[in-house]
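Overview (structure and organization)
So the chains spell out like this:
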Amino acid sequence: MKIMGLWTVCGLLIVFFFGVSNSSLYGEEFEVRNEPPVTYKYDRVDEVKKACASVLSSASEFQPDDNRVYSIKKELPFVNGDWDQDAGGSPLMPYVVRKTWDNSSDFQTPMNLVSFWVTDVDTTRRLKKSVSVSGLLTLGITLENSFVGKTYGSQFQLWPGNSMLTVSFQGIYTESKEKNGDRVMCLLGTTMLPSRETESSDPWAWLQASGHSFDQLPLSEDDQILLVLRYPKKFTLTRREVKGEMKSLNPKSNLKYFDEVHISSQLNAVYEFSSEKIVAKACDPYPFKDSFMDNGIDIYKDTEFCAIIRKFSQEGAFTVVPNWRCNRTDEYCSKLGPFVTDKEIKATDGGFQGVILFMQNVDCEEKTARDNTYSARVSAVFRAVPPSEYSYTSAQRSGLNNMTLPAEGIWRSSSGQLCMVGCVGSMDAEGSGCNSRICLYIPQSFSIKQRSIIVGTISSISKDDNSYFPLSFEKLVRPSEMWDLNHFMSSHLHYQYTKVDSAGSILEKYEPFSFGNVIKKSLLTFPKLEDAESSRVSLSLLSEDLTLHVSAIPDPRPRLPVPRIDIQMEIVSLGSLFGRHWSNGSSIEEEIPYHAKTEYTEKQLLLNVSAQLMITGKAYKNFSVIFVEGLYDPHIGKMYLVGCRDVRASWKILFESMDLEAGLDCLIEVIVSYPPTTAQWLTNPTARISITSKRKEDDPLFFNTIKFQTLPIMYRKQRESILSRRGVEGFLRILTLSVAIACIVSQLLYIRDNVDSVPYISLVMLGVQVLGYSLPLVTDAEALFKKASDSYETPSYELDRNQWFHVIDYTVKLLVLVSFLLTLRLCQKVWKSRIRLLTRAPLEPHRVPSDKWVFITTLIIHVIGYIIILIIHAAQTSEKFRTERYVDSNGNFHVQRQWETELEEYLGLVQDFFLLPQVIGNFVWQIHSKPLRKLYFIGITIVRLLPHFYDYIRAPVSNPYFSEEYEFVNPNMDFYSKFGDIAIPVTAFFLAVIVYIQQRWNYEKLSRALTFGKLRLLPLGSATYQRLPSKSFEAELGAKEREGEELS
């Protein structure tokens, strides 16, 4: 598994460094510059002549002025071509299926890839018809790796999801005699082949043996491998494929024999535009009149066409549009255009869910005519990729097959249409297999139904009317790409709002007059236009605040864990602004700085808005992208939007849905509610999103209402502000701890003058407080407000550098330490007072207050309470106590046991009920005094309950994906839910009231007050805990003690 993980990472790194750039999949970009020194030996010359006799017999002599020999090393390598093998029962290599985390087979389809490099050309051995060359070939079966780097040495590597064989070759380079012949390499190779079994139907039975290792594979050396590669001399539309055969020269009876391997790739040379006659089959007359020419969308017709088409064809794949207009047979409407449709694509039933299209190897030549019109000649390869293929590796494939469409065509600025002819399958010089027309456009206008940078169709020019339904494809816009597009044509782009009236109806439906909205408008502020140097800058800053990149949870939040959901809401246009804008100071946009106006009417303050909502989650595949357009009301921070989603259903369902708009389901209402920008530490800073279908329930495109609540978000100014919730809660910690220290000091002062009541202070009560102060010191947890420190405020680099937060943290720790020491001092005073009482009555120790039964009673009550909590939560979640593994924000794995988590959380409840032992002790000891000062027990109670009041006001939202962020408390637990934030303060207040009554009335008076007829709630008083010494005697002892302390 370690090897698999290592190679997977290596493959991803290769993909990262080389990207998915398809304009140059070959050539010097893939040359390894720091190659190890290798001495190439041509010691098999006679064997090569014998094996390549047929190639040499048809070879022509090199011309003296022919320099093609010197371009061999640059033009003849290729990477990530395709290979397949004849099914003769002698496979070349094994493949081990990679298992997923649940031990099921990986859903991805493995790819057969091959790469070849010319490593040496020995011009000193140049003959009339040939020149000696050396090469390196890597071929294998892989899920996601690409073979773009050389692997020196003859070897075979195998791990789950990847098999790779490297073969070293030496041989000759020749050119055939025919006029349009080939450049040919004939080579003999040496490698270490995986050994096959002879006594089993499975040639790779050793893979099933127990104890086998991928580091020690059974290999056998083989030097009888013949490779013949044929390259076209010219790189044109119909002559671009590199073909090859690799076969074994061993007899079939030999275990090293393997069935013939066929190789396909493309030439790496300068493309020659010489197929005008073939292009005319599809594009004469030009432009071709298709549906896009008449739909009213502005088309780009300026000078940067080649730059735009190169850039955006390289940045990701095209989306294939469903055949929603098709109304013929199922076989006809399920075809993926001219591409060969396999079972996987047929299963989409014309919806093409997950099918993508790459535009590779774009070659574009621009020309300017005398009349200042512009034209360009373009060549490219369109590659269709099924859902099960790893798209990043597929984007780098170079082999030609029935899923590729080489094309060539013309673009003219007079129409803005790129018209191309495409060829699938085998091609001859006349282009008999070129029966497809590709029409491609770059739109300049965008709307809710047109969100593409590039749109196009592939249609048939064959006379056969049953060939295939025209296939549409598009490159969906992303705001980041739109900013790049602005670089090329900033003066041309614009957005057309078409759903504002419908959005106004949604606003009237969901925003009736209410006092809540009036209060919101008067007390709270939400993201709005602000003063800036220009209106475009102001709109751009507001657009930034309205953009969402955050995780979310279903609303209402389910009790059971849910798979991660990510929300991305990119603002496409806001008001008159399309995309983003930053002032560069060089262009004067407005003479006067923009100021947000306050005299607008309510309707004038509504802003038109358009956005793209992306939802990532297993349960939301049909909602992966929703285009929205409507109104934003900055008074209450709400968007009222019409949504259009790309529906992926069968072509029959789509055709029968007559209310689709451009193939999109636009009967969707979307409402987005933003948190206020003010009082962010008091209110819940989360956005809420509601998505509702307006269709009837029996409609196949209907879906139930979906609601999300995001994790807490921060606006631009809040990120820049030092005073964040973390800072506010830090000051609250300092304030509450300072109050707690004042209360403890007041109690210490109180017992100096009331020494007779000191023994009746419960040590269990003080022990609970000591525990509460010691745990933060030991575990580095926050005191009092830990539960308020949510994970959404992940410290940024600037935040970590802020010295104020460090000062606050150190101050809190210092105050906790002071509280801990003062409480210990209070414990010491109580303990010493009881020892003195015991010295006065050594024969009557039972008359000295003891916490034995107080501790036992308190323990029993809390154990029963903890068990009840466990039972209630087990019943509510319908699950037994479980152990979960989770990943923290640093990527570390942890084991979380439910009972341990709830025990830690219950400790917080024990601290909140710190007066419970004192209440029990007062009844057991039948006190006739006031051991606790009112300021002490009321003040500490308020300090303990302040986090609950704060929590209730500000409504915390936890991160459902990182459970470890709560050390002692969890908002999901009953005592830290909304109910708990009310129930706990009421109970704690009730305990404080009982203590107050116990100290105000003596035990006899309290017993008489709780007697109702013959019913006596409290037993009669006893002399068990009568005070032994008099007050004056205790005062004398206290004075002596103080004198002793002063002397010491």
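The paragraphs below set out a description of the structure included in this document. Position numbers for residues start from 1 in each chain and track the written sequence from start to end. pLDDT decides what is reported in this predicted model: residues at 70 or higher carry local features, side-chain atom pairs at 80 or more are listed and counted, and totals for whole chains, interfaces and linings draw on all residues regardless. No hydrogens and no water enter the side-chain calculation; it runs on all heavy atoms of the structure.

Some points on the state of the cysteines
When the sulfur atoms of two cysteines come within 2.5 Å, that pair is taken as a disulfide. Under the criterion given, the structure shown has 6 disulfides. Between Cys283 and Cys419 runs a disulfide, and the two sulfur atoms are separated by 2.0 Å. Between Cys283 and Cys419, the S-S torsion sits near -95°, and that sign places the bridge as left-handed. One end of the pair, Cys283, is in helix α5 (residues 276–283); the other, Cys419, is in strand β14 (residues 418–422), and 136 residues separate them in sequence. By the burial criterion, Cys283 is buried, and Cys419 matches it. Here Cys326 is linked by a disulfide to Cys333, with a sulfur-sulfur distance of 1.9 Å. For the disulfide bridge between Cys326 and Cys333, the dihedral angle about the S-S bond is near -75°, and by the sign convention the bridge is left-handed. In the protein chain, the cysteines engaged in disulfides, taken in order along the sequence, are linked 1-2, 3-8, 4-7, 5-6, 9-10, 11-12. Strands here are runs of E lasting at least two residues and helices are runs of H or I lasting at least four, both read from the DSSP assignment and numbered beginning at the N terminus. Whether a residue is buried, partly exposed or exposed follows from its accessible area with a 1.4 Å probe, protein chains only, as a fraction of its type maximum: under 20%, in between, or over 50%, in that order.

A look at the pairing of strand β27 (residues 688–693)
Among the 6 residues that make up β27, 5 are buried, leaving the element largely enclosed by the rest of the structure. Direction of pairing for strand β26 (residues 664–673) relative to β27: antiparallel, over a ladder of 6 bridges. By the bridge assignment, Ile671 is partnered in β27 with Ser690. Strands pair, by our definition, only if DSSP identifies at least two bridges between them.

Overview of the pattern of salt bridges
By salt bridge we mean one thing: a side-chain nitrogen of Lys or Arg within 4 Å of a carboxyl oxygen of Asp or Glu. Summed over all chains, the structure comprises 22 salt bridges. Glu47 is the salt-bridge partner of Arg44, the closest N and O atoms lying 3.1 Å from each other. Looking at Arg44, the relative accessible area reads 8%, which means it is buried. One salt bridge connects Arg695 with Asp665, and the closest N-O pair in it is separated by 2.9 Å.

Structural notes on the sheet that holds β14
The strand order around the closed barrel formed by 8 strands is β10-β11-β12-β13-β14-β15-β17-β18, and the pairing between neighbours is antiparallel. Across the sheet, the axes of successive neighbouring strands diverge by a mean angle of 25°, strand direction being ignored. Note that strand β10 (residues 318–320) and strand β11 (residues 356–368) share 2 bridges and pair antiparallel. Considered in β11, the bridge of Phe318 is made with Leu357. α5 contacts β12 (374–385), β13 (404–412), β14 and β15 (436–441) of the sheet and is inclined by roughly 110° relative to β14. Only heavy atoms enter the contact rule, under which two residues are in contact if any of them lie within 4.5 Å. Helix axes are fitted to C-alpha atoms over the stretch in contact, other axes to C-alpha atoms as well, and angles between N-to-C directions run from 0 to 180 degrees. The strands touched by helix α6 (residues 305–314) within the sheet are β11, β12, β13, β14, β15, β17 (452–460) and β18 (471–476), with β11 carrying the most contacts at an inclination of about 165°.

Section: the nonpolar core
Among buried residues, those of type Ala, Val, Leu, Ile, Met, Phe, Trp, Tyr and Cys that are joined through side-chain atoms within 4.5 Å constitute a nonpolar core. Met765, Leu766, Leu915, Leu932 and Tyr936 are the most contacted members of the largest nonpolar core, which totals 56 residues. At the level of secondary structure, the elements contributing two or more residues to this core comprise α17 (725–753), α18 (763–779), α20 (803–840), α21 (852–877), α22 (898–912), α23 (916–925), α24 (934–954) and α25 (978–1000). Counting residues per element, this core draws most heavily on α20, which supplies 10 residues. Among all residues touching Leu932, those that are not within four sequence positions of it are Gln747, Tyr750, Ile761, Met765, Leu915, Gln918, Phe937, Val995 and Gln999. Grouped together as the second largest cluster of nonpolar side chains are 53 residues, Phe169, Trp206, Leu229 and Ile278 included.

Quick word on helix α11 (residues 500–510)
Turning to α11, its buried residues number three or more, namely Ala503, Gly504, Ile506 and Leu507. An end-on view of α11 places all buried positions within 160° of arc, on one side of the element. Among the exposed residues of α11, those oriented more than 90 degrees off its buried face are Asp501, Glu508 and Lys509. Lining the buried residues of α11 we find β24 (625–633), β25 (638–646) and β26. Note that the arc is computed from the directions linking the helix axis to the C-beta atoms.

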